[in-house]
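# Structural characterization, general
One letter stands for each residue in the lines below.
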Amino acid sequence: MTSSAASAAARCSTRSTASSTSRRTSDRSPLDELIEKERWTHLNSLLSDFTDKDRTFVELYYQRGMEADEIAAEMQISLKTVYSKKHKIRAHLVRCLQSLTGDSPIADLAAAAA
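These numbers were taken from a predicted model, which means no experiment stands behind them. (Residues numbered from 1 in each chain as written. Predicted model: local features only at pLDDT ≥ 70, side-chain atom pairs only at ≥ 80, totals over all residues. Heavy atoms only, no water.)

## A few points about the side chain of Arg 39
The criterion, for reference: The way it works is that DSSP assigns letters per residue, a run of H or I at least four long becomes a helix, a run of E at least two long becomes a strand, and they are numbered from the N terminus. Residue contacts follow a heavy-atom distance rule, with two residues in contact if any of their heavy atoms lie within 4.5 Å.
Summarising the element assignment, Arg 39 is placed in helix H3 (residues 30-47). Filtering out sequence-adjacent residues up to four positions away, Arg 39 remains in contact with Pro 105, Ile 106, Asp 108 and Leu 109.

Written out as structure tokens, the structure reads:
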């Protein structure tokens, strides 16, 4: 899985459904919004297997785009642990995405992981 695919999966999965559907723009149809909401639901469910600390890391790193040293300070962990967590979480995301079937609304992310 490429770094960008892991980032995309993580960013999608940590966003709340409420915030994603409240940002309605004129170029998005109600069907587009419904599909997006369903994708967020599936991605959030994917993250439910992660520990609280790992979900926090995903939010800080992928959603907020914080730097490693900022994450270390926020989570009160060493910089080395930040890089270790990043590798572990990315590998877990790859495994989770690769286990998805073609019926899943986020199956396209699994294809990007290959």
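## A look at the packing of helix H5 (residues 68-75) against helix H6 (residues 79-98)
Put simply, the rule is: Axes here refer to lines fitted to C-alpha atoms; in helices the fit is confined to the stretch in contact. Angles between the N-to-C directions go from 0 to 180 degrees. Should an angle fall under 35 degrees it is taken as roughly parallel, and over 145 as roughly antiparallel, whereas 65 to 115 is taken as roughly perpendicular and any remaining angle as oblique.
At a minimum axis distance of 8 Å, the contact between H5 and H6 shows a crossing angle of 105 degrees. It follows that H5 is roughly perpendicular to H6 by the angle criterion. Along the contact surface, H5 presents Ala 68, Asp 69, Ile 71, Ala 72 and Met 75, while H6 presents Leu 79, Val 82, Tyr 83 and Lys 85.

## With respect to the packing of aromatic side chains
Applied cut-off: Planes of paired rings set the category: under 30 degrees apart is stacked, over 60 is edge-to-face and the rest tilted, where pairs are Phe, Tyr or Trp rings (Trp by its six-membered ring) whose centres lie within 6.5 Å. The cut-offs for exposure are 20% and 50% of the maximum accessible area for each residue type, with area from a 1.4 Å probe on protein chains only; residues under the lower value are buried, those over the upper are exposed, and the others partly exposed.
The final tally for this structure, using the stated rule, is two aromatic pairs. With centroids separated by 5.7 Å and ring planes inclined at 10 degrees, the aromatic side chains of Phe 57 and Tyr 61 adopt a geometry described as stacked. Placement of the pair is Phe 57 and Tyr 61 together in helix H4 (residues 52-63), with a separation of four residues, close to one helical turn. A residue is classified by how much of its surface remains accessible, and Phe 57, at 0% relative accessible area, is buried. On the basis of relative accessibility, which here comes to 23%, the residue Tyr 61 falls in the partly exposed class. Seen in terms of ring centroids, Tyr 61 and Tyr 62 are 4.8 Å apart; in terms of plane orientation they differ by 90 degrees. Their pairing is edge-to-face. On the basis of relative accessible area, Tyr 62 is assigned to the buried category, the value being 5%.

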